[in-house]
Amino acid sequence: MSVSPFLTRRQRLLKIIGDGIAVMPTAPEAVRNRDTHHPYRFDSYFWYLSGFPEPEAVVVLVGGKRPKSILFCREKHEEREIWEGYRYGPKAARTTFGFDAAYSIAQFDSKFPELLADRETLWHTVGGDPAWDKRLAAALNVVRGQARAGKEAPRVIRDLRAELDAMRLIKDDFEAEIQQRAADITSAAHARAMRACRPGMMEYELEAELTHEFRRHGGVHAYPPIVAGGANACVLHYVENDKPLAAGGLVLIDAGCEIAGYAADITRTFPVAGRFSAAQKDVYEIVLAAQTAAFAAIAPGRRFTEAHEAAVRVLTQGLVDLKLLAGDLDNLIEKEAYRRYYMHRTSHWLGLDVHDAGDYKTGGQWVTLQAGMTLTVEPGLYIGAAADIPAELAGIGIRIEDDVRVTAAGCAVYTTAPKTVAEIEEIMRHD
Ligand code: GLY
Ligand code: MN
Ligand code: MN
């Protein structure tokens, strides 16, 4: 792994913090049961600045005339490494990850007050982890206790998030390359699920196909996958994935691979038996047209919300065509009449987090898109069964989700899983 993008980011942040000092701890390990942990996942901000994969680590950036980036991490430990695996230890971590200095995490509470003394501003992710808020408050008190020795504690505490979020919002080329890989693996996984799907299978059997494709490329699920047969697709956060797939229904899969920390986020909806019914196809084509309209509204200088507005217009017209809504189009949009069938927004930022860092509005205005921003485009229609819904439409839930990067000319779609009715029916043919 090249350390230069991480170094560049630390240098940028050092400029931003001026004479201040910044602290960014990684995530704690999480217990799953008794002495067994969840698979470890680093904190995304910490990773963005370090590329360092181990728990119990902290980046400290000391600004000023001679800026320094410091890593605190676990010591090497012969016995623990036999049980738990390799640890870099401060010495190897410093050189491998390009830090100016590295110390044992056990020294943090004694060393950090020394670094903090006589700094005007302490930057950290205030409230991000109560244990760290407490630890940093204790360090501030140590410095305050040295007032008679002439030491001054920072008077200003600032939230690092705003600065880091703004940096993370515009992806660099190094990130774009990883995001393309995450998208490629995820696209292949969705295609694999389509090929494997047979009526009577359990939803979790399709989940297993996705997991197989992710793991064979070294990835993991970026979020709990949704495999929702039939009307389960109308439950937006359905993750049980434990029901059989009925022949006449659709199945909605929302799943994304995380690779080197970066998430892809794809949704595909396809017929369990490989052929769309006329009604399923009608709804599908509306959602697909909504996505195409949303793509066309993504370009530098356009507002974040324009893609959503473009999708909503097509979806609302579609609901009128399906006779689920009646009335004047602008009026229906104004009244948000579509919300019974489309209750979420069309996009979110995508990166290290599946719902990535970055503002959506600043000063009350929707953010203006710039090249390098990365977002999902995920219109859907969810027609739950109800007395006033025609039988052929009842229980149809469709979402189509792809990942795009804003480019100088408009947007580039990272994700390539089969998507048109023809593509899906072709890949699902068993003859
Ligand atoms: N998979 C989460 C989302 O689509 O936002
Ligand atoms: Mn999404
Ligand atoms: Mn999704």
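You'll find the structure just up there.
Below: a short report on this structure. Note that this is a predicted model, so its numbers are computed, not measured.

## Description of the overall build of the protein
In step 1: Along the backbone of the protein there are 13 helices and 21 strands.
In step 2: If one aligns the C-alpha atoms of the protein with their principal axes, the spans along those axes are about 80 × 50 × 40 Å.
In step 3: Counting every position in the protein, which comprises 431 residues, the buried fraction comes to 50%.
In step 4: When contacts within the protein are restricted to residue pairs at least 6 apart in sequence, those whose partners lie at least 24 apart make up 71%.
In step 5: Element-wise, carbon and sulfur atoms account for 51% of the exposed surface of the protein, whose accessible area totals about 19,700 Å².
In step 6: Charged side chains of the protein number 51 positive and 59 negative; the gap between the two group centres comes to 5 Å.

## With respect to the site of ligand 1
In step 1: For ligand 1, the full set of nearby residues is Tyr223, Asp254, Asp265, His348, His355, Glu378 and Glu401.
In step 2: Side-chain polar atom of aspartate 254 to a nitrogen atom of ligand 1: 3.2 Å apart, as the coordinates give it.
In step 3: Between glutamate 378 and ligand 1, the recorded distance is 3.1 Å, taken from a side-chain N or O atom to an oxygen atom.
In step 4: Taken by itself ligand 1 offers 200 Å² of open surface, and the protein chains cover 82% of this.
In step 5: More than half of the atoms of ligand 1 fall within 2 Å of the grid points belonging to the second largest pocket.

## Regarding unusual backbone geometry
In step 1: Its identity is not glycine, yet asparagine 241 carries a phi of approximately 55°, on the positive side.
In step 2: Residue asparagine 241 is classed as buried on the basis of its relative accessible area, which comes to 1%.
In step 3: Despite not being glycine, lysine 323 shows a phi value in the positive range, around 65°.
In step 4: Topologically, lysine 323 is positioned in the loop between helix 11 (306–321) and helix 12 (329–334).
In step 5: On the basis of relative accessible area, lysine 323 is assigned to the exposed category, the value being 74%.

## Some points on the nonpolar core
In step 1: Leu71 and Leu206 are the most contacted members of the largest nonpolar core, which totals 100 residues.
In step 2: The leading source of residues in this core is helix 10 (residues 278–296), at nine residues.
In step 3: For leucine 206, the residues in contact, after removing those within four places along its chain, are Ala193, Ala196, Cys197, Met201, Val227, Leu245, Val251, Ile253 and Phe270.
In step 4: Counting 20 residues, the second largest nonpolar core, distinct from the first, contains Val60, Ile70, Phe72 and Phe108.

What counts and what doesn't
- Residues numbered from 1 in each chain as written.
- Chains lettered and ligands numbered in written order.
- Predicted model: local features only at pLDDT ≥ 70, side-chain atom pairs only at ≥ 80, totals over all residues.
- Heavy atoms only, no water.
- Helix = DSSP H or I, 4+ residues; strand = E, 2+ residues; numbered from the N terminus.
- Buried < 20%, exposed > 50% of the residue type's maximum accessible area, 1.4 Å probe, protein only.
- Contact = heavy atoms within 4.5 Å.
- Areas by Shrake-Rupley, 256 points an atom, 1.4 Å probe, with all protein chains shown as cover.
- Lys, Arg positive; Asp, Glu negative; His and termini not counted.
- Charge placed at Lys NZ, Arg CZ, Asp CG, Glu CD.
- Near = heavy atom within 4 Å.
- Polar contact = N/O pair within 3.5 Å; in protein donor to acceptor, adjacent residues only side chain to side chain.
- 1 Å grid on protein atoms, 1.4 Å probe; cavity = no way out; pocket = protein on both sides within 12 Å on 5 of 7 lines; lining within 4 Å.
- Sits in = over half its atoms within 2 Å of the grid points.
- Core = buried A, V, L, I, M, F, W, Y, C linked by side-chain atoms within 4.5 Å.

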